[in-house]
Amino acid sequence: MAQDWGKRTKLVHQGARRSQYGEVAEAIYLTQGFVYPSAEAAEARFLEAGADEFIYARYGNPTVAIFEERIAALEGTEDAFATASGMAAVAGALSAMLRAGDHVVSSRALFGSCLYILEEVLTRYGVEVTFVDGTDLDQWQAALRPDTKAVFLESISNPTLEVIDLEAVARRAHDVGALVVVDNVFATPVFSRAVDLGADVIIYSATKHIDGQGRALGGVICGTREFIRKTVEPYMKHTGGALSPFNAWVMLNGLTTLDLRVRAQAASAQAIAEALEGDARLARVLYPGLASHKQHAIAKAQMGGFGTVLALDLKGGKEAAFRFLNALQVAVISNNLGDARTIATHPATTTHQRLPDDQKIALGITPGLIRLSVGLEDTADLITDLRRGLDMI
Ligand SMILES: *Cc1c(COP(=O)(O)O)cnc(C)c1O
């Protein structure tokens, strides 16, 4: 039975739907619509579509359905809804569940676009949002109210890699009846134990580790069948953030190797963090797998691993950071993460450029901070490359 399978077996086989041709690889059903055998059948399907009955690709599609079923099984949720991007998943999940007058508590350390949704978009429609330091349980406790409908957090924050005590936050949120919505990109589905820790809704940008090769945009919302089909699906199918069948197929191919890639990349990230920690040119090396990381114990207790991203804080500020980046020969300068290629990012001038300086400082986004998404290259080559960068500052 599928539910007894381990993660790696699910990643390869879960949800497979074969046509009458018995194809081995998943088929790409590149069709917007579906032909009904009769007018009566069309009427019946619009009234209530059965399992594996499709109406229009904005509502669902067989290739997309395989991806949804595979991700839900992997994450351990009853169901999942695939979206056009990670941001379509974040915006869709929150917009679908919230209405004017609702209150949300959110961690402040968020990916720039997530912050925009919470700070600018939801508030425009009358949702009240209180931001807290996600690592401070007292702040969560103080911000939660009887009318709090949801809490939102990134389990490992971007780009400073703070780890939130998900279990403790979930307990407090559930005490007031709030749903726990987790952007789990940095934890990855491989290391996630979010369901066990109390998360109600788990969101991934599939663009990152799930594709893992920097090709396509995608996202997914995981949750109970009731939440996905009664709350998320009606909102998503009418607002248009559907995942394309072709991108679902790209993601399915990514999933087959997800476990192997993420474990190899995380092992490499750990080795790099250990090799560089203590280098005199670095003010900080941030990686949850280092004993020196502030939430190392929480990360160890709550996740199956420490992720594929680390951050280096160079002592010489922006000038040193740019010299470092420009000297790299293996790692590329870009802003994706979870890719097979190692990617170096300067958050202060790119992904988080929009933030005012005082907020950057409050979030630890210093002028010397480099975010490094570790890829699949030889670890020794990466360490040589990073040392070459440090020598140039
Ligand atoms: C990249 C990212 C997103 C957005 O995903 P897209 O697929 O680019 O829309 C959301 N949250 C986090 C933490 C991310 O890293």
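The shown structure was predicted, so the numbers you read here are calculated from the model rather than taken from an experiment.

Cut-off values and rules
- In this convention, every chain numbers its residues from 1, walking through the sequence in written order.
- Only residues with pLDDT of at least 70 get local features here, since the model is predicted, and only at 80 or more are side-chain atom pairs given and counted; chain-wide, interface and lining totals rely on the full set of residues.
- Each side-chain value is worked out from all heavy atoms of the structure, with water and hydrogens disregarded.
- The secondary structure listing takes helices from DSSP runs of H or I that are at least 4 residues long and strands from runs of E that are at least 2 residues long, numbered from the N terminus.
- With the radius of gyration taken over C-alpha atoms, the globule rule is written as 2.2 Å times the number of residues to the power 0.38.
- We call two residues in contact whenever any of their non-hydrogen atoms come within 4.5 Å of each other.
- Areas reported as accessible are Shrake-Rupley estimates using a 1.4 Å probe. Residue values count occlusion only from the protein chains shown.
- Lys and Arg are tallied as positive, Asp and Glu as negative. Neither His nor the chain termini are counted.
- Each charge is placed at NZ for Lys, CZ for Arg, CG for Asp and CD for Glu.
- Put simply, a salt bridge is a Lys or Arg side-chain nitrogen that is within 4 Å of an Asp or Glu carboxyl oxygen.
- Per-residue accessibility, obtained with a 1.4 Å probe over protein chains only, is compared with the maximum for each type, and a residue is labelled buried under 20%, exposed over 50%, and partly exposed between these values.
- Cysteine sulfur atoms that come within 2.5 Å of each other are treated as a disulfide pair.
- Within this scheme a cavity is a closed region of a 1 Å grid, computed over the protein atoms alone, that accommodates a 1.4 Å probe without allowing it to escape, whereas a pocket is open but has protein on both sides within 12 Å along at least five of seven lines; lining residues each have an atom within 4 Å of a point.
- Grid points are joined across faces, edges and corners, and a volume is the space filled by probe spheres set on the points.

Draft legend 1. Up close: the overall build of the protein. Each helix and strand counted, the protein has 16 helices and twelve strands in total. At 21 Å, the protein has a C-alpha radius of gyration in line with the 21 Å of a compact globule built from 393 residues. C-alpha extents for the protein along the principal axes are approximately 75 × 50 × 35 Å. Across the protein, contacts joining residues at least 24 apart in sequence account for 74% of those joining residues at least 6 apart. As presented, the protein carries roughly 16,600 Å² of accessible surface, and 53% of it is formed by carbon and sulfur atoms. When the 37 basic and 46 acidic side-chain charges of the protein are each reduced to a single mean position, those positions are 3 Å apart.

Draft legend 2. Just the pattern of salt bridges, in detail. Applying the stated criterion to the full structure yields 22 salt bridges. Of the charged contacts in the structure, one is a salt bridge between Glu233 and Lys237, with a shortest N-O distance of 3.9 Å. With a gap of four residues between them, Glu233 and Lys237 both fall in helix H10 (residues 225-239), about one helical turn apart. In this structure, Glu233 and Lys237 share a single accessibility class: buried. Notably, a salt bridge pairs Lys360 with Asp357, separated by 3.7 Å at the nearest N-O pair. Of the two residues, Lys360 and Asp357 both sit in helix H15 (residues 357-362), three residues apart, roughly one turn of that helix. Classification of Asp357 as exposed rests on a relative accessible area of 59%. It is possible to trace a salt-bridge network through shared partners that takes in Glu68, Asp79, Arg225, Arg229, Glu233 and Lys237.

Draft legend 3. How the structure looks around the state of the cysteines. As enumerated under the stated definition, the model contains zero disulfides in all. No disulfide involves Cys222; its sulfur sits 15 Å from the nearest other cysteine sulfur, which is in Cys114.

Draft legend 4. Local environment of the layout of surface pockets. Taken as a whole, the largest pocket encloses approximately 930 Å³ of empty space. What lines the largest pocket is a set of 29 residues, among which Ala49, Gly50, Ala51, Arg229 and Glu233 lie closest to the centre. Among the elements of the structure, helix H2 (39-47), helix H3 (62-75), strand S1 (79-83) and H10 are those that each provide at least two residues to the lining of the largest pocket. Looking at the lining of the largest pocket, the element that brings in the most residues is H3, giving five residues.

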